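Structural characterization, general
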Amino acid sequence: MKITLKNESLELTVNTIAAEINELRDVKTGTQYVWNGDPSVWKFHAPVLFPHVGRILDTYMTVDGKEYSLVNNGFSRDEEHTVVSQTPTSVTFELTDNEFSANKFPWKFKLNIAYALEGKTVRFTTTVTNTDTTDMLFTLGSHTAFWCPRPTDPAGTQNSDYQIEFEKREPLQQIQCTDTGYLAFGEDGLAPCVKPYGEKEAGIIPLNAQGFGNGHFFTHFTSDWVGLRNKKDGSLVKVNTKGYPNCMIWQNAGEPNFVCIEPWYGMPDPCETDHDWRKKPGLMTLEPGKSFTADQSITIE
């Protein structure tokens, strides 16, 4: 079921499947910002990633000797979420542990995904609550795909008319990954391995034909947002990254259709692992009864 929120500036459509943004439109100009989910290219729009982010080697992990089957980027993006509150400009969804999740994740949990329109901002937060009796180990992130180039731009644009900007224009540090999207090991035999990104202008990443392969993965930044700039008209789409340790940037292969700005708490599996979840890099620990909230808010300027 799709739910539409609207204020004087933005119209947001969210689906109960995955509690995922399906559409974000500027009311006055008609500009569409979020990718339409064409399955021939990439069937998602803006999935929330829980209980883990990134790639899972060999599609499984083990916890205390028991094996759990996992897919890349978690299972919440594949489930129907329940609406627990709604107004004309806000909606909150909930997902709890169930028969489906029990084979994929050993802990009991509650996941709340909330959206609220505030002017030209989509207030977008994700709250994880540990409803189990032992510490929960998890990661969390978002994966919003923004049209790039935007087909609704009045003047018409191409991929090279856009760039990724980090708020503070800081020299970027990249976590090294393999061509297949797993953490690479450094010369010291450890993963993750971090190196300078080497961009020509600090904190600015032009979009070009080279794309980002399976993603360029950044860490150690202090920027409170990462944005997609349309250089022709100066417009900017900002994704909140305040407090996040990592951010993935990814664009679809082939003819460019979208670019993803993905703030993450966590990281993919290393390219070699014994699959023991407790050894996985980047995990967060949540005590029984405690909650953790991540903010992935989107602002249009």
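All of the points below concern the structure found in this document. Throughout this description, residue numbers start from 1 for each chain and increase along the sequence as written. Owing to the predicted nature of the model, reporting of local features is limited to residues with pLDDT of at least 70; listing and counting of side-chain atom pairs is limited to 80 or more, with chain, interface and lining totals taken over all residues. Hydrogens and waters are ignored; side-chain quantities use all the structure's heavy atoms.

Secondary structure follows DSSP: runs of H or I at least 4 residues long count as helices, runs of E at least 2 residues long count as strands, and numbering of each begins at the N terminus. When its secondary structure is counted, the chain shows 1 helix and 25 strands. Against the 2.2 N^0.38 benchmark of 19 Å for 301 residues, the chain shows a C-alpha radius of gyration of 19 Å, consistent with a compact globule. Oriented by its inertia axes, the alpha-carbon framework of the chain measures out at about 60 × 50 × 35 Å. Each residue is placed in one exposure class: buried if its accessible area under a 1.4 Å probe, protein chains only, is under 20% of its type's maximum, exposed if it is over 50%, and partly exposed if it falls in between. Scored against the burial criterion, the 301 residues of the chain give a buried share of 56%. For the chain, restricting intrachain contacts to residue pairs at least 6 apart in sequence, the fraction spanning at least 24 positions comes to 64%. Throughout, the Shrake-Rupley method with a 1.4 Å probe supplies accessible areas, and for residues the shown protein chains are the sole cover considered. About 12800 Å² of surface is accessible on the chain, with carbon and sulfur atoms providing 47% of the total. The quantity called the radius of gyration is restricted to C-alpha atoms. Its globule counterpart is 2.2 Å times the number of residues to the power 0.38. Any two residues having at least one pair of non-hydrogen atoms within 4.5 Å are treated as being in contact.

This part takes up the layout of surface pockets. Using only the protein atoms, space was sampled on a 1 Å grid; points where a 1.4 Å probe fits but cannot get out form cavities, open sets with protein on both sides within 12 Å along at least five of seven lines form pockets, and lining residues are those with an atom within 4 Å of a point. Grid points are joined across faces, edges and corners, and a volume is the space filled by probe spheres set on the points. Quantified by volume, the largest pocket comes out at close to 270 Å³. Lining the largest pocket are 14 residues, and of these R55, N73, H143, N214 and W250 lie nearest its centre. Those elements that place two or more of their residues in the lining of the largest pocket are β21 (246–251) and β22 (258–265). Classifying every residue of the lining of the largest pocket gives 5 nonpolar, 6 polar and 3 charged. Only Asp, Glu, Lys and Arg are considered charged in this grouping, and only Ala, Val, Leu, Ile, Met, Phe, Trp, Tyr, Cys and Pro are considered nonpolar; every other residue, Gly among them, is considered polar.

The set of buried Ala, Val, Leu, Ile, Met, Phe, Trp, Tyr and Cys residues whose side-chain atoms join them within 4.5 Å is what this entry labels a nonpolar core. Core analysis: the largest hydrophobic core is formed by 63 residues, its most contacted members being Y115 and I164. Here the element with the most residues in this core is strand β9 (residues 109–118); it accounts for 5 residues. Beyond its immediate stretch of four places on either side in the chain, I164 contacts G203, I204, I205, L207, V226, G227, L228, I249, V259 and I261.

The next subject is the sheet that holds strand β3 (residues 20–26). DSSP-based pairing: two strands are paired if at least 2 bridges between them are found. Strand order in this open sheet of 3 strands is β1-β2-β3, and the pairing throughout is antiparallel. Sheet topology places β1 (2–6) and β3 at the edges, where each strand pairs with a single neighbour. When strand polarity is set aside, the average angle formed by the axes of neighbouring strands in this sheet is 15 degrees. Across 6 bridges, strand β2 (residues 10–15) lies against β3 in antiparallel orientation. Bridge pairing in β3 places L10 opposite D26. Lines fitted to C-alpha atoms define the axes here, with helix axes fitted over just the stretch in contact, and angles between the N-to-C directions of these axes take values from 0 to 180 degrees.

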